[in-house]
Amino acid sequence: MAYMDILKQVKNKQISPIYLLYGTDTYFIQNLKKHITNAVLPDDDKENLVMYDLEETPIQEVIMDAETLPFFGERKLIFANNPTFLKAKADKLPFEHDLTLLQHYVESPVDYSVMVFIAPYEKIDERKKISKLLKKHGVVADCSPIKEQDVPAWINDQADQLNIRISPEAYEVLEGEVATNLYLLKNELTKLALYVGEGGTITKEIAEQLVSHTANSSSLRLVDAVMEGNIHKAIAIFHDLQKMKEEPIALIALLAFQFRTIYRVKLLKQKGYSSFQMQKQLGVHPYVVKIAAKREARFSNQTLQTIMDKLTEADTMMKQGKMEKQLAFELLLYELVQVRPKP
């Protein structure tokens, strides 16, 4: 089932005795765990919450616990992490899981325990008998990372819950900084909502001021500053990156990646490639292609080649110790602004 459908059921207290949460998106898994816990156990009932690591504990011990009546309260909640037996090739462990016993339990679980398997894997082997039984008798939640095209809808849903509005320009800032990392995105939206208050609007300026920046996203902002011919903004971003302990040589590599991507997207676009084909060809995140496609029209092939030559020269100068790194990087920014594309 889809994550949102399962979350809706859990919020409505429609609880299954068995869940399987699989996938690599930490936010989806943690959010479902939180809501399942709130739905199954009272706030103060910690004695009936049990955690197991199936790389350390045989499943037969977990089942024995599940079949034991809770001492207090109506139900027991058991989280069983790392069920490696659901992978195509199970990990070697110092003990064996009794999967036959597990299969019998899945087919006929007790009504006073809720068992939640947490499988933080990209895929599970759906051909295995136990996987098929979990899907038939339990609730299976696909917690794979959200697709890039679904991020705006997810942001809208969160904005509605927080009773805030987000300007179109602010969307780009959020996507650029945290992309499809929903855990970080949720934290940033909550922080922004506290700043603007209920009914407030998050503008591009507010987002740029408050959203936590990463080195990679800041290199995108550096590219923007160069395109705008705004040397003061470029230098300010560079100083911010220095505070993040980023080395000038590493920043040159990030800038080189951004401009190289713009150049390659430009060439592929000239050959008639679609955005999806570009992504496959370049092996990068869809958002990277999306941003590069917006920028490439403002550069000529010659300008991009000149920029990359200057990046290479600055990199060589720094590595050979011919100039102090900070000064060399600031001079590089001045040179890039001089060859920037025309509006």
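Everything below is about the structure printed above this text.
Residues numbered from 1 in each chain as written. Predicted model: local features only at pLDDT ≥ 70, side-chain atom pairs only at ≥ 80, totals over all residues. Heavy atoms only, no water.

### Considering the pairing of strand β4 (residues 113-119)
Filter applied, for reference: The cut-offs for exposure are 20% and 50% of the maximum accessible area for each residue type, with area from a 1.4 Å probe on protein chains only; residues under the lower value are buried, those over the upper are exposed, and the others partly exposed. Put simply, DSSP H or I for four residues or longer makes a helix, DSSP E for two residues or longer makes a strand, and each gets a number counted from the N terminus. Two strands make a pair as long as DSSP finds a minimum of two bridges between them. When the strands point away from the viewer and the connection leading from the first strand across the helix to the second strand turns clockwise, the crossover is called right-handed.
Taking burial as the measure, the seven residues of β4 include seven buried ones, the bulk of the element. Relative to β4, strand β1 (residues 18-22) runs parallel, the two sharing five bridges. Residue pairing across strands places I18 opposite M115, the latter belonging to β4. Direction of pairing for strand β3 (residues 76-81) relative to β4: parallel, over a ladder of six bridges. In the sheet register, A80 faces β4, and the bridge partner there is F117. At this point the chain moves from β3, through helix α4 (residues 99-107), to the parallel β4, and the crossover so formed is right-handed.

### Re the pairing of strand β2 (residues 49-53)
Because side chains alternate across β2, one face comprises the buried residues V50 and Y52, and the other comprises L49, M51 and D53, none of which is buried. Where β2 meets β3, five bridges bridge the pair, whose relative direction is parallel. Along β3, the bridge assignment pairs D53 with N81. Remark: the β2/helix α3 (residues 59-66)/β3 crossover connection has right-handed handedness.

### Topic: the sheet that holds β4
Formally: Helix axes are fitted to C-alpha atoms over the stretch in contact, other axes to C-alpha atoms as well, and angles between N-to-C directions run from 0 to 180 degrees. In what follows, residue pairs with any heavy atoms lying within 4.5 Å of each other are defined as contacts.
Taken in spatial order, the five strands of this open sheet run β2-β3-β4-β1-β5, and their pairing is parallel. Since the sheet does not close on itself, it has two edges, and those belong to β2 and β5 (139-142), each with one partner. Recorded for the sheet is a direction-independent mean angle of 15° between the axes of neighbouring strands. Pairing of β1 with β5, which is carried by four bridges, proceeds in the parallel orientation. By the bridge assignment, L21 is partnered in β5 with A141. Helix α1 (residues 3-11) rests against β1 and β5 of the sheet, and its axis sits at about 130° to β5. In the packing of α3 onto the sheet, contacts are made with β2, β3 and β4, and the angle to β4 comes to roughly 150°.

### Let's talk about a nonpolar patch on the surface
To keep things clear, this is the line we draw: Patches were defined on residues exceeding 30% relative accessible area and lacking a salt bridge, with like-charge contacts within 9 Å and nonpolar side-chain contacts (Val, Leu, Ile, Met, Phe, Trp, Tyr) within 5 Å. Throughout, the Shrake-Rupley method with a 1.4 Å probe supplies accessible areas, and for residues the shown protein chains are the sole cover considered. Any carboxyl oxygen of Asp or Glu that lies within 4 Å of a side-chain nitrogen of Lys or Arg is treated as forming a salt bridge with it.
Nonpolar side chains collect at one region of the surface, where L327, L331 and Y334 lie side by side and expose about 280 Å² of accessible area between them. Along the chain, L327 falls in helix α16 (residues 325-338). The partly exposed category is assigned to L327, whose relative accessible area is 42%.

### Looking at unusual backbone geometry
Of note, the phi angle at N82 is positive, near 60°, even though the residue is not glycine. Considering the arrangement of structural elements, one finds N82 in the loop between β3 and α4. Overall, the relative accessible area of 17% leaves N82 in the buried class. With a phi angle near 60°, N163 is a residue other than glycine that sits in the positive phi range. With respect to the helices and strands, the residue N163 is situated in the loop between α6 (151-162) and β6 (165-166). Judged by relative accessible area, N163 falls into the partly exposed class, the value being 40%.

### So, α6
The cut-off we apply is this: Helices are assigned an expected span. That span is 1.5 Å times one less than the residue count. Note that the arc is computed from the directions linking the helix axis to the C-beta atoms.
The end-to-end C-alpha separation of α6 is 16 Å, in line with the 16 Å expected for twelve residues at 1.5 Å each. The set of residues buried in α6 consists of V151, W154, I155, Q158 and A159. For α6, the buried positions fall inside an angular range of 140° around the axis, keeping them on one side. Of the residues in α6, the exposed ones pointing more than 90 degrees away from the buried face are A153 and D160. Positive backbone phi, approximately 60°, marks N163, located one or two places after α6.

### Points about the pattern of salt bridges
Where charged atoms from two side chains of opposite charge approach closely, those side chains can pair. Counted according to the given criterion, the structure contains eight salt bridges. Of the charged contacts in the structure, one is a salt bridge between E188 and K191, with a shortest N-O distance of 3.0 Å. Placement of the pair is E188 and K191 together in helix α8 (residues 182-196), with a separation of three residues, close to one helical turn. For E188, a relative accessible area of 7% gives the class buried. Measuring nitrogen to oxygen at the nearest pair gives 3.1 Å for the salt bridge that ties K266 to E296. In this pair, K266 sits in helix α12 (residues 248-270) while E296 sits in helix α14 (residues 286-296), placing the two residues 30 residues apart along the sequence.

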